[in-house]
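Understanding the architecture of this molecule
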Amino acid sequence: MYSDQFDIDTYNRRRITESMTHRDLPELSPLDIDEERNEKPWQKILNQIIKNSSQTMKSVPSVAIILVVGFYLTLGYLTQLIEDDMPKVISEKDVQGKDVEIFSEESAKVYLHQLLGNQPRVAGMEYHYEKTKDLKVLLDSVAQQATIPVKTDWQFVSGDYFIDFKVPHVNCYRNLSNIIAVLEGDSGFYPNGTIGTSLLVNCHYDSVPFAIGASDNGVFCAVMLETLSRLSKRKQKLKHNIVFLFNGAEENPLQGSHGFLKHPWIQGVTNVVNLDAAGMNGKPTVFQVSDPRLISIYQSVVPKPNAQGFGEFLFKTGIIPSDTDFRIWRDFGDIHGLDIAFVKWGNVYHTKNDRPELILDGVIQNAGNMLLNLVKELANNEELENKISPTQVVYFDYLNLFLLTYSASVSQIVDILVGICALITVAYYLWIVGYRRSSVMDLLSSMLGRVVSAATGVLAVVLLVLIMAITTKQLRYLSRPWLVVPLYWIPFFIVSFLASVNYESTSRKCGLNRSLHTLQAMTSTRLLLGVTLIILSLFPSLTSLRYVISVPLFVMSVGAMVSMTVVKYCRLKAWQHLILEIILTLPSALFIFSLSLRLDSIMLSTAGRMPTNYPDYIVGGLNVILALLFSTVLSGLELLFSRRRVWLPILLLSSICAVFMFTPMSIYEDEGITTQRHYWFHSEIITYDKNGSATDYKSGVLIIKQDAYTLTGVLSALQQARLSVHNVTDFTSDCERHVYCNLPLYRPRKDLLFLYTDPPARFRPEPSLVATRSCSQDTCTLKCIMTGPQHNTLTFFPNYGVNLTSWSFSSPLEATGQFLNRNIYVITEATCTYSDMLTPMEFTLTFNVTKEQQTEPFVEISHHAHKIHHPEEFTEEYKKLLKAMPKYFNIASTLSIRSNYLF
């Protein structure tokens, strides 16, 4: 048994006898033996054993576990403070009479309030049109005061494209508005209306319905205005033009950026800096890079870099259910660069709480410092005169102090070298204790112990997550993100600690003192990580993620060389060794804490908009992985602690965790920033036969599940308000017979609630779809005219054996999916600039139809007419439903009419 005062003397004397009997003297470690002394080998070994036994290392008292836990919790809190640190706010008075190229948050806030107004700016709505005019006036004012020429333009454009994301479909826009300003550089303008080499900087000034959109994306638009204002007062032009695009329809989605690809000024653009938000506050994060030149320049000029390559993995895999204009620049414009966004405070993203008063001081200043320095340097860089092919690059910052970036090919070499470095530390350890078979077997046994203890900790957290999901509320971390520590991290460490100590004391015997025993455990961890990293280096798809392992492993390897050397030549007490290892782990610990804080800031809020029954499984899984990664830094330190009274700190920590685990807590806040997202469709659904007569009808409110409690929350609120509303949650029959369950949707949904009510107020003009059919041989053509509001969706569903062969849309003819072995085609359409009179949309569909099929209807077409921001048209019944809901409900209401036709 492993005890506080391990009797190494007895154990090693037995080993001496055995080794001398078998002439196998190297079996015992010659640690610290004076090799210059003229002694026989057995005398050296005996002297070493006497030395070790006379200076038996005492263990660290178990109560110190609390101190160590407290230290790392404090370290995590300090990391959060570093992450949230912002520069001093610069006022307009501070820059008067000084360098014009100093960004002022005070000035940017003036622009922000002028941009936002007091209502949502939904593309196609009247208020959006009013704020578009205000934005054009602001840019014209900047141009008039500029010392360098600034040209502005209000672009009106129509078009369509096929977007292959989530639900592939044709995204059609009409009369879209973009506001553009170009700061002229040496590359200048051409007589034909195009421009020379240019850098594109993009934001969007529209917002989602029922949200002001202060952060998404008002802040960056205000920052762009202030940046343009400052740079336009320079005495000397930059080498390249800078195109400041304020696109008017990003939320539709991604229509404004595609519309700008039709503008003549796009022809000179070689690179892009795309600006957006999926949250509020904090430092904006670089999370997508397609041109390594831009991230290198970002690295050199941004004083507090904030960039993590794992963001690309999260976006590409769809783990984050969002997208940005960066997709359009990359996939449709062959324009590459940086994608930068605010990601903290994700709870306010696309909610009523995305308000300017919640923006913290210094946030805009920091974003402005970043953008001003970046675009100025990019626009002066001669290398950016030409486009390059998109290149994958690895990038990450360390605590906003510095940024490292290198190519994918270099990444593979670096990661393999880091793995080899870890293996070199293993060889150094074996050199210290003696190269022999028993030392290697002990090390492998120790590595098994590392795996067993980590696996035990993971299984324990999995079990606790299952229990908590059943017995308590999920999503409690939405308003209290620090809860992930007592819910997932500390339980993992408690169980792993106990499993490790138990394994080392019962499953294997070790003749090493505590320091060497600890070094052995740490070495086995590096061996495991080194081999794992080398294997992962063979998979290119993991290039953007491997640094999460290679960075801490490299620091651990360097620290290990130091600690092993100190232990070899110095006689350390247990507490001294503990302090040494803690100091050496600080760089790795800070890196992993920073990584964890950023990942959780994204994923915790994302869990609040995942339509899954058990979001805690995802969050718990993420955090146990992060805790496991952090445990590799501390692996082995538990062996320095005494086992006497170890139950006291373990019981205390377990009790604290149990309190947080099973104490009821509210998820949402009536007055705070954490709301429950709701998407309601007050709908009327009508089905017509081939003669145009209505054969089926229903009306009510469709509610789409957004988190684990969306639907149950609505039903509970209705019950508390004593409102009796007939409702349905089982749509199996409709979903088996009709495209998209005969609901106003264009993507499959599983968990839905339909409240039967009176229909929405009548639309003016009435939505309609008229088609004129003409056939020749096996070809039939439908000439269609659609009348509807600003936002519409069309689904085409040809009969079995009928093929849609062409259409009048400019997008390639591609199916969205299949249903009942028949293709489905989806078109979303938006009129993006307000007009008193909406022009009907005309389009043509051409089918291949046999003569036998031409005698009957051969295609089903559904027209979904949506009014996405018309609170003034809510019926009294619908208002009563809304009033019955809790304050923390963030309800985005759409008025909808789905009409099903046969042609």
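Right above here is the structure, for reference.
In this convention, every chain numbers its residues from 1, walking through the sequence in written order. This being a predicted model, a pLDDT of at least 70 is required before a residue's local features are given, and a value of 80 or more before pairs of side-chain atoms are given or counted; all residues contribute to the totals for chains, interfaces and linings. In computing side-chain values, all of the structure's heavy atoms are included and hydrogens and water are not.

Here the focus is the overall build of the chain. A run of H or I in DSSP becomes a helix once it reaches four residues, and a run of E becomes a strand once it reaches two; helices and strands are each numbered from the N terminus. If you tally the helices and strands in the chain, you get 23 helices and 22 strands. Over its C-alpha trace the chain gives a radius of gyration of 33 Å, about what one expects of a compact globule, namely 29 Å for 903 residues. Taken along its principal axes, the extent of the C-alpha atoms in the chain is 105 × 70 × 55 Å. In the chain, once contacts between residues fewer than 6 apart in sequence are set aside, the share between residues at least 24 apart is 81%. Accessible surface area values rest on a Shrake-Rupley calculation with a 1.4 Å probe, where residue burial reflects the displayed protein chains alone. For the chain, the computed accessible surface area is about 36700 Å², with 58% contributed by carbon and sulfur atoms. The globule rule is 2.2 Å times the number of residues to the power 0.38, and the radius of gyration it is compared with is taken over C-alpha atoms. Note on definitions: a residue-residue contact is assigned when non-hydrogen atoms from the two residues lie within 4.5 Å.

Note on definitions: salt bridges are taken to be side-chain nitrogens of Lys or Arg within 4 Å of carboxyl oxygens of Asp or Glu. Within the structure shown, the criterion is met by 36 salt bridges. A salt bridge links Lys376 to Glu101, with the shortest nitrogen-to-oxygen separation between them at 2.8 Å. Within this pair, whereas Lys376 is found in helix α12 (residues 363-379), its partner Glu101 is found in the loop between α4 (92-95) and α5 (105-116), the two being separated by 275 residues in sequence. Only protein chains enter the accessibility calculation, which uses a 1.4 Å probe. A residue is then buried if its area is under 20% of the maximum for its type, exposed if over 50%, and partly exposed in between. Under the relative-accessibility criterion, Glu101 is labelled buried at 18%.

Pairs were defined over the aromatic rings of Phe, Tyr and Trp, the Trp ring being its six-membered one, requiring ring centres within 6.5 Å. Orientation was assigned from the angle between planes: stacked under 30 degrees, edge-to-face over 60, tilted for the rest. Enumeration over the complete set of coordinates arrives at 35 aromatic pairs. Taking the centre distance of 6.4 Å and the plane angle of 85 degrees together, the rings of Phe396 and Tyr406 count as edge-to-face. Of the two residues, Phe396 sits in strand β8 (residues 393-398) while Tyr406 sits in strand β9 (residues 402-407), which places them 10 residues apart along the sequence. By relative accessible area, Tyr406 is classed as buried at 16%. Here the aromatic rings of Phe396 and Phe591 are separated by 6.1 Å at their centres, their planes lie at 75 degrees, and the arrangement is edge-to-face. Taken together, the residues Phe396 in strand β8 and Phe591 in helix α18 (residues 574-607) connect sequence positions 195 residues apart. The residues Phe396 and Phe591 share a single accessibility class, namely buried.

This part takes up the nonpolar core. With 81 residues, the main nonpolar core has Tyr72, Tyr488 and Tyr547 as its most contacted residues. In terms of residues, this core owes the most to one element, α18, which gives 14 residues. Setting aside residues no more than four positions away along its own chain, Tyr72 makes contact with Ile582, Thr585, Ala589, Phe593, Phe630 and Leu634. Residues belong to a common nonpolar core when they are buried Ala, Val, Leu, Ile, Met, Phe, Trp, Tyr or Cys residues joined through side-chain atoms within 4.5 Å. Met86, Leu115, Leu199 and Ile242 belong to the second largest nonpolar core, which has 69 residues in total.

Okay, empty space enclosed by the protein next. Both site types are read off a 1 Å grid over the protein atoms alone. A 1.4 Å probe that fits but cannot get out defines a cavity, while an open set with protein on both sides within 12 Å along at least five of seven lines defines a pocket; lining residues have an atom within 4 Å of a point. Grid points are joined across faces, edges and corners, and a volume is the space filled by probe spheres set on the points. For the coordinates displayed, the defined rule picks out seven cavities of 30 Å³ or more. The volume enclosed by the largest cavity comes to roughly 120 Å³. Met522, Met556, Glu581, Thr585 and Val633 are, among the 13 residues lining the largest cavity, the residues nearest its centre. Mapped onto the lining of the largest cavity, the elements with two or more residues apiece are α16 (514-536), α17 (547-569), α18 and α19 (615-634). We call Asp, Glu, Lys and Arg charged. Ala, Val, Leu, Ile, Met, Phe, Trp, Tyr, Cys and Pro are nonpolar, and the rest, Gly among them, are polar. Residues that form the lining of the largest cavity fall into these classes: five nonpolar, six polar and two charged.

Next up on the list: the sheet that holds strand β17 (residues 803-807). Pairing within the open sheet is antiparallel, and its four strands lie in the order β14-β15-β20-β17. Each edge of the sheet is formed by a strand with only one pairing partner; in this case those strands are β14 (768-776) and β17. Neighbouring strand axes in the sheet, compared pairwise and without regard to direction, differ in orientation by 25 degrees on average. Two strands form a pair only when DSSP identifies at least two bridges running between them. Pairing of β17 with strand β20 (residues 841-848) involves four bridges; the strand directions are antiparallel. Within the sheet, the bridge partner assigned to Leu804 lies in β20 and is Phe847. Axis geometry follows a simple rule: fit a line to the C-alpha atoms, using only the stretch in contact for helices, then measure angles between N-to-C directions, giving values from 0 to 180 degrees.

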